[in-house]
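If you want the building blocks of each chain, they are given just below.
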Amino acid sequence: LYSDSKIKENVEDADLQTLMQQIKHIRIREFDHGEEEFFNKFFSRRQLGIMAHELQPVMPTAVGVLPERRWTNPKGVTNQTKNVMLVRDTHLLFATLGAVQLLAKKADVWDEGIEQLFKDNSAIVAEQDDNRRKREELLEQLVRVVAKVEVMQFGFAKTEESVARVEGAMTHHKQVQQERHDQLLLSVDMLTNKSLEQDMNIATFQEAFRQAVDREARADLVEKRKQTEAELEVQLVKRSIEKLRWEEEQKTITLRGEEDRKKDEYSTQKHHERVAFETAQKKAADLEVLNQQEESNLRQQAQKHKDEKELLELRLKSDERRAELGVQEAIERAKIEEEGKIKAARENEDVNTRLMQAEQAEKRAQMLAAIQATATVASDWVHAVFSSATNLALLIGSIVTCLGGIYLVREMAILLREQLNKRLGRPSLVRMTNRRGTMQQVGIGILRLLRLRPPRGAEFNDVVLHPKLRQQVMRLADATSSAKRRRMPLQHAMFYGPPGTGKTMVAQRFAEYSGLEYAIMSGGDVAPLEEQAVTELHKLFRWVHRSSRGVLLFIDEADAFLASRKNSGMSETMRNALTTMLYHTGTPSSQFMLVIATNRPHDLDSAILDRLDESVEFGLPDLDARKGMVQLYYDKYIAKPLRLPTVSATTTMLRKPPVQVNGFRSRLPGSPRPQIPREEEVDEAAMAVVAERINGFSGREISKLFTSLQTHVLYSDRAHGRAICTKSMLLEVVDQKVAEHGRSHEFQTTGYEYRHADSHGAYGAHGAHRAPERGAHEMNGTVLSKGAP
């Protein structure tokens, strides 16, 4: 695209609404190309596109008309079409860009509206939260004030009651104390009087006693003295009893006061508990009312949002309907204008024809003049070069210098790439990996979105496995994918079995299905590194841990450096490499999954076997698997590349007779195939016979069988004028491969001994000789025998 503003006129903004409506009405079609000339041979004949006659009413400016077009098909036939419609792809591209701009503007408006709605909702929610918090605080304050008031009122009532009761008790106590005091005073007075009387009696007694003593001691006086002393003791005892009674009365008064105080405290406590219970009940009821109010507000807010959303949807539908009406009006207007143009073109058809003829004649004259001038310049340049030895030498030297420079630049680029990969890229031990950059991943995602690449989950669609083996592999693959998504430790596995059974291919598809990157290395690459093996293994695992998706590390021929340490012939460097491998795989990791492949699992070290969580055996394919592989490889190596019919239950080979041109078979591309007898056609029965005969073949041997068949089919092209594949040719190659398979088995069991064949009669018409000895096999004049020479 060129942008020169000087050659552009009437520049104005495009109507994006119109472009949007035009893009919406363009129909994307899927079609098959009728001519092999007009599609890329590397892709399928079925492609996507736009029909020009359908695009013209929708977007007239994007379609032009070519009066005449000529081309030559692969058969050499020249074709001519009139009034061919051309689609201007740049117009479609910029119309799509305008529609995208309109959608982007609408998306900005929608984003702003949604953002403003979110902001309003956030402000409303914040305001509601603030109001609810204030209401709760006010309610708590009211509850506390009411509780305090009630407690104070109850306290005041109890205090007044206690004061009244205390005043009554104090009055009663004062009265009782006064009475008791009066009684005590009376008793004291009585005791005082009694004491005075006793003192008087004692004095009298003493006086009488002295008088009696003075007179003489008589027995009756002694008796009186004893009586008097007894009376005195009785008085003392009565006095002590009165004192004890008064003390008991004081204790009784004190105990009654304590009991009254305890009763008051208990009643106060019960009142507080009742007030607290009533306060809690009231608070719970208030909270329930607040929750109901909040739920009601939320329901109202949700209903409001729903109404706003419905209103917005109605507005959008109204805008879309308005836009559709505008597009329909534009289409009708365009149809009217186009009909006017067509009518004008029909009326001026003769004038347009003369103008087009004059224009074509002028272009033809210009083309012939340009070709003649080019030929003149080329002939003069060739004459000048070949007429002078100096110019010829300069030309040859320039060509040699350019070729040498190109070769040198290519080799330097290869060397620079290898050095960068060695220092910055993948480790030297990694032979193959699918680690890609961000742009490559984006490109693959776009191809999958456009359905130009198989989607995820289709990695095993073209892999033929035994049903039980497929179930085991898919179970492990699904478990690995799930563990990767949950960032759980990945399980290590071992693939073991005979050679050529698809262990490496399944590991690659396994990694792609699980969403992991894969890195393939060979166990035989470790031993040549010697002292550098440990360093390279550390580099390998550092490279693995840098992956953001996780890595499936596949080690082919693992028994080459993970063999048992019990082997006395194991070198010290290999022991160190094995120890390094054990160090990196000792702890389960979610970063990488180790998968080892071997034909000799019994040779592996016990520590390696202990680190493996799953063991999957890949055996030789059974009859059903061989049928699937035969069909797969026939389509891959024979039918698709050589454009032969695929094999199915209703397949019939082409039976048209060959075209003869002047007595010779036509060799042009696209000529009819030679007729093949029905009994020589390759069908499902022939494929079943092939699957039965190749019992014991591995997947790799079946693949080699069909590459060999491809060679025979290509050789038949020289004899028949066109590549064909017959049943006899197929069975001949199968018999040859079965014999080679048997010889390979004999090589491994009995060895090989060379026997020279005699020149006379040793070679037949095809250069091969059948030895008379039983069990011998021959090829190209060399006898392979199991017996003695």
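Read on for an overview of the structure.

Reading guide: rules and limits
Residues numbered from 1 in each chain as written. Predicted model: local features only at pLDDT ≥ 70, side-chain atom pairs only at ≥ 80, totals over all residues. Heavy atoms only, no water. Helix = DSSP H or I, 4+ residues; strand = E, 2+ residues; numbered from the N terminus. Buried < 20%, exposed > 50% of the residue type's maximum accessible area, 1.4 Å probe, protein only. Contact = heavy atoms within 4.5 Å. Salt bridge = Lys/Arg side-chain N within 4 Å of Asp/Glu carboxyl O. Phe/Tyr/Trp six-rings, centres within 6.5 Å; stacked < 30°, edge-to-face > 60°. Patch = residues over 30% accessible without salt bridge, like charges linked within 9 Å, V, L, I, M, F, W, Y side chains within 5 Å. Areas by Shrake-Rupley, 256 points an atom, 1.4 Å probe, with all protein chains shown as cover. Lys, Arg positive; Asp, Glu negative; His and termini not counted. Charge placed at Lys NZ, Arg CZ, Asp CG, Glu CD. 1 Å grid on protein atoms, 1.4 Å probe; cavity = no way out; pocket = protein on both sides within 12 Å on 5 of 7 lines; lining within 4 Å. Points joined across faces, edges and corners; volume = space filled by probe spheres on them. Nonpolar A, V, L, I, M, F, W, Y, C, P; charged D, E, K, R; others polar.

## Quick notes on the environment of G64
Take G64: it is sitting in strand β3 (residues 63-72). In this structure G64 comes out as partly exposed when scored by relative accessible area, which is 28%. A sequence separation of 22 residues divides G64 from L86, and the C-alpha atoms of the two residues are 5.0 Å apart. Setting aside its immediate chain neighbours within four residues, G64 contacts V84, M85 and L86.

## Structural notes on the pattern of salt bridges
If you walk through the whole model with that rule in mind, you get 23 salt bridges. With a shortest N-O distance of 4.0 Å, R144 and E140 are connected by a salt bridge. A residue pair is termed a helical-turn pair when its members lie 3 or 4 positions apart in one helix, as R144 and E140 do in helix α3 (residues 89-215) at four residues. Take E140: its relative accessible area is 35%, and that puts it in the partly exposed class. D603 is the salt-bridge partner of R600, the closest N and O atoms lying 2.4 Å from each other.

## Quick notes on the packing of aromatic side chains
One pair of aromatic rings is described through two measures. These are the centre distance and the angle between the planes. Tallying each qualifying case throughout the model produces five aromatic pairs. Summarising the aromatic geometry, the rings of F541 and F592 are spaced 5.5 Å apart at their centres and angled 70 degrees between planes, so their arrangement reads as edge-to-face. Here F592 lies in strand β9 (residues 592-598) and F541 lies in helix α10 (residues 533-545), a separation of 51 residues in the sequence. Across the pair, F592 and F541 agree in class, each one buried. Summarising the aromatic geometry, the rings of Y634 and F706 are spaced 6.4 Å apart at their centres and angled 80 degrees between planes, so their arrangement reads as edge-to-face. Residue Y634 is found in helix α13 (residues 623-642), and its partner F706 is found in helix α15 (residues 699-720); the two are separated by 72 residues along the sequence. The exposure classification of Y634 matches that of F706, with both residues buried.

## Here's the deal with a negative patch on the surface
A cluster of like negative charges, contributed by D120, D307, E308, E310 and E313, occupies part of the molecular surface. At four residues, helix α4 (residues 219-347) tops the list of elements feeding residues into the negative patch. Its location among the elements puts E313 in helix α4.

## Some remarks on the side chain of E614
Tracing the backbone through its elements, the reader meets E614 in strand β10 (residues 614-617). With residues near it in sequence (within four places) discarded, E614 still touches Q472, R475, L476, Q491, H492, A493 and M494.

## Looking at the layout of surface pockets
Taken as a whole, the second largest pocket encloses approximately 790 Å³ of empty space. If you go around the second largest pocket, you meet 36 residues; those closest to its centre are G500, T501, G502, M505 and G699. Looking at the lining of the second largest pocket, the elements that each hand over two or more residues are α8 (467-485), α9 (503-514), β9, α13 and α15. Take the lining of the second largest pocket: its biggest share by element is six residues, from α13. For the lining of the second largest pocket, a count of residues per class yields 15 nonpolar, 11 polar and 10 charged.

## Quick notes on a nonpolar patch on the surface
Nonpolar side chains collect at one region of the surface, where V109, W110, I114 and F118 lie side by side and expose about 400 Å² of accessible area between them. Tracing the sequence through the fold places V109 in helix α3. Here V109 falls in the exposed class, since its relative accessible area comes to 53%.

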